[in-house]
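If you want the building blocks of each chain, they are given just below.
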Amino acid sequence: MGNEASYPEEMCSQFDHDEIKRLSKRFKKLDLDNSGSLSVDEFLSLPQLQRNPLAKRVIDVFDTDGNGVVDFKEFIVGTSQFSVKGSEEQKLRFAFSIYDMDKDGYISNGELFQVLKLMVGDDTLTDWELQEVVDKTIICLDTDGDGKISYEEFSAVVRGLEIHKNLVVAV
């Protein structure tokens, strides 16, 4: 994993030296197999993530190289999005990326369905009812009529909800 002081400045810009040290300790504690990276199972060893239906999506977003695990750099960069010093824009982009599963810059009907299905589970709505919600959401948010939600369309609605104020963790 290396010395946390050796990581590039831009990677650590949201955190001071003491915060990086604390994050390094948390990372090492989560890294149960001492591999230098965190698997989905290691992340899910945190009780608060076990109950979060979007935990695997969050891990996917942290895993920027797509190799199925989160290394220390990805952990720091991912966690920085939740820093109190993180900008509203960072937090909104993170929220958007939860829905943009294929990372093409848009939330498609299918992606919105998949993420909402994770959130509501199998017992709340039938697939048909959920699809109705998805279709109506796309119609309402899709201001340019292309059948999908861009970041601009997403942020125009979500920015007013101030969800970024809830996307904060203490380090």
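Small disclaimer: the values here were computed from a predicted structure and weren't measured.

Caption draft 1: Main features of the nonpolar core. By size, the foremost hydrophobic cluster in this structure holds 39 residues, and its most contacted members are Phe43, Phe75, Ile98, Leu112 and Phe154. Elements represented by at least two residues in this core include exactly helix H1 (17–30), helix H4 (55–62), helix H5 (72–80), helix H6 (88–99), helix H7 (109–120), helix H8 (127–141) and helix H9 (151–158). Element by element, the count of residues in this core is highest for H6, at six residues. With sequence-adjacent residues up to four places away left out, phenylalanine 154 is seen in contact with Leu92, Ala95, Phe96, Tyr99, Ile107 and Ile149.

Caption draft 2: Layout of the UniProt feature "domain: EF-hand" (unreviewed entry) in the protein chain. Summarizing the sequence annotation, UniProt attributes the feature "domain: EF-hand" (unreviewed entry) to residues 18–46, 50–85, 87–122 and 129–164 in the numbering used throughout. Counting secondary structure, residues 18–46 comes out at 59% helix and 7% strand; the distance between its end C-alpha atoms is 22 Å. Helix makes up 67% of residues 87–122 and strand makes up 6%, while its end C-alpha atoms are separated by 35 Å.

Caption draft 3: Structural detail: H1. With 14 residues, H1 should reach 20 Å at 1.5 Å per residue; the first-to-last C-alpha distance of 20 Å fits that figure. Listing the buried residues of H1 in full gives Glu19, Ile20, Leu23, Ser24, Phe27 and Leu30. Angular distribution of buried residues about the axis of H1 spans 140°; they occupy a single face of the element. Seen from the open side of H1, the exposed residues pointing more than 90 degrees away from its buried face are Lys25 and Lys29.

Caption draft 4: Structural context of the side chain of aspartate 31. For aspartate 31, the location among the structural elements is in the loop between H1 and strand S1 (37–38). With no salt bridge to any partner, buried aspartate 31 finds its closest opposite charge in lysine 28, at an N-O distance of 9.2 Å. When residues no more than four places from it in sequence are discounted, the contact partners of aspartate 31 are Gly36, Ser37, Leu38 and Glu42.

Caption draft 5: Expanded view of the pattern of salt bridges. Evaluated as defined, the whole model comprises six salt bridges. The partner of arginine 93 in a salt bridge is glutamate 89, and the shortest N-O contact between them spans 3.2 Å. Placement of both arginine 93 and glutamate 89 in helix H6 is noted, with a separation of four residues, approximately one turn of the helix. In this structure glutamate 89 comes out as partly exposed when scored by relative accessible area, which is 30%. Between arginine 159 and glutamate 89 there is a salt bridge, and its shortest N-O distance comes to 3.3 Å. Here the residue arginine 159 occupies a position in the segment after H9, and glutamate 89 occupies one in helix H6, the gap between them amounting to 70 residues.

What counts, and where the lines are drawn
Residues numbered from 1 in each chain as written. Predicted model: local features only at pLDDT ≥ 70, side-chain atom pairs only at ≥ 80, totals over all residues. Heavy atoms only, no water. Core = buried A, V, L, I, M, F, W, Y, C linked by side-chain atoms within 4.5 Å. Buried < 20%, exposed > 50% of the residue type's maximum accessible area, 1.4 Å probe, protein only. Helix = DSSP H or I, 4+ residues; strand = E, 2+ residues; numbered from the N terminus. Contact = heavy atoms within 4.5 Å. UniProt positions renumbered as here; feature names shortened; annotations may be inferred. Expected span 1.5 Å × (residues − 1). Arc of directions from axis to C-beta. Lys, Arg positive; Asp, Glu negative; His and termini not counted. Salt bridge = Lys/Arg side-chain N within 4 Å of Asp/Glu carboxyl O.

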